[in-house]
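Residues per chain are reported as follows:
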Amino acid sequence: MKESKKFLYIINYPTFEEELCMLEMRSIFNTEPKDKVLISSIDFNPSFSTFIKSRLEIFHEKENFEDILKELDKDVIKLDDFKLEFIKPLKADVPFSERFGYLSEIGDKILGVPDIKSPKLVLGLGKHNEKWVFGIHEKNDNLWSTHEKKPCSYSNSLSVRVAKSVVNLAANGNHNTKIIDPCCGVGTTIVEGLSMGYDIWGTEISEKNTNNAKRNLNFFNLEPRVKHQDMHTIKENYDSSIVDIPYGLFSHITKDQQQDIINTARRISKKMILITFEDLDYMVEKSGFKIVDRCAVTKGSFKRYILVCE
Ligand SMILES: C[S@@+](CC[C@H](N)C(=O)[O-])C[C@H]1O[C@@H](n2cnc3c(N)ncnc32)[C@H](O)[C@@H]1O
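Residues numbered from 1 in each chain as written. Predicted model: local features only at pLDDT ≥ 70, side-chain atom pairs only at ≥ 80, totals over all residues. Heavy atoms only, no water.

A. Fine view of the site of the ligand. Around the ligand sit 21 residues in total, of which L158, T188, E204, N209 and D244 are the nearest. One of the side-chain nitrogen or oxygen atoms of T188 is found 2.6 Å away from an oxygen atom of the ligand. Contact between the ligand and N209: an oxygen atom at 2.9 Å from a side-chain N or O atom of the residue. When the free accessible area of the ligand is taken as 600 Å², the share hidden by the protein chains comes to 92%. With respect to the pocket detection grid, the ligand is positioned in the largest pocket. Looking at the shell around the ligand residue by residue, the classes come out as ten nonpolar, eight polar and three charged. (Near = heavy atom within 4 Å. Polar contact = N/O pair within 3.5 Å; in protein donor to acceptor, adjacent residues only side chain to side chain. Areas by Shrake-Rupley, 256 points an atom, 1.4 Å probe, with all protein chains shown as cover. 1 Å grid on protein atoms, 1.4 Å probe; cavity = no way out; pocket = protein on both sides within 12 Å on 5 of 7 lines; lining within 4 Å. Sits in = over half its atoms within 2 Å of the grid points. Nonpolar A, V, L, I, M, F, W, Y, C, P; charged D, E, K, R; others polar.)

So this is what it looks like as structure tokens:
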């Protein structure tokens, strides 16, 4: 089968997370989606972002459908247990009555036996910007949504969606990044990071939260990478830290303690993703970090700021 280095990502998001989605896409792909479609040569697992609904690895991209068929004659696909489908958001330009015809013409070119019920591979066809696109179509497996029900939660925990996103921001999608969540609470980011194969650790000053984080990790069969430790005693250095800063509404914390947390993040990591409920830009600047990108996530009366600092 033809090797390809061009991917088409189908993106979607709830309105209140639009800014977060754009920030995450800039961080992973250095670009933003246009009309909820993002084209990139970067190969990113679609199940690693809550915003990527599916990914098409483009084998052929042609103005005319017949030219796709010609390519399939030249470069014959031999494949069993496959399924052929129209890519949902990319079928609007193709009348419903014609869709089956296009799919069966493609199907005739593939050497092998299809399996519609439990295919090993799904091939997708669609039309984007007046061009036909065809390739391997992989949907988000949505397994991350099973993490929404954890044995131990915390009033101030991040949502699974935000946790997954901040891990991607911390790593820019690069799995060689060494990440620390020094105030990890019940381990929400650690669960997401480890499930995506990232090298992530957590520390937590509260013994109860540390134990609860370990229970959560154990529940999902993940390594218990959480230490009961005051972050200010951390000796190791990390590429990135994720700091969901304790906030006065939920814990007794002074401005000086918040500044100390940001200062320590600066000491132990080259980059920091800061999650706050209030404007702490002045503290970031005081620590020596520079804010290089940012977004706000607003839900009801809650507004969270997410800052990328280097
Ligand atoms: C906003 S909560 C983090 C919640 C977490 N993101 C989650 O989803 O569960 C902040 C956490 O920082 C912890 N913390 C405060 N000061 C700390 C310190 N010096 N070292 C380590 N953890 C600390 C608190 O006990 C609290 O669990």
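From this point, things continue past the structure.
B. Main features of the environment of F86. Summarising the element assignment, F86 is placed in strand β4 (residues 82-86). When its relative accessible area of 10% is taken as the criterion, F86 is described as buried. Sequence spacing of F86 and H137 is 51 residues, and the spatial spacing of their C-alpha atoms is 9.4 Å. (Helix = DSSP H or I, 4+ residues; strand = E, 2+ residues; numbered from the N terminus. Buried < 20%, exposed > 50% of the residue type's maximum accessible area, 1.4 Å probe, protein only.)

C. Highlighting the packing of helix α4 (residues 160-171) against helix α5 (residues 188-195). At their nearest, the axes of α4 and α5 sit 8 Å apart, and the two run at 60° to each other. In this view, α4 runs oblique relative to α5, as classed from their interaxial angle. Seen along the crossing, α4 lies across α5 with a hand that is right-handed. For the pair formed by α4 and α5, the contact residues are V160, A163, K164, V166 and V167 on the first element and T188, T189, E192 and G193 on the second. Across the contact of α4 with α5, the residue classes tally to four nonpolar, three polar and two charged. (Axes fitted to C-alpha atoms, helices over the stretch in contact; angles between N-to-C directions. Parallel < 35°, antiparallel > 145°, perpendicular 65-115°, else oblique. Left-handed = near helix turned anticlockwise from the far one by under 90°. Contact = heavy atoms within 4.5 Å.)

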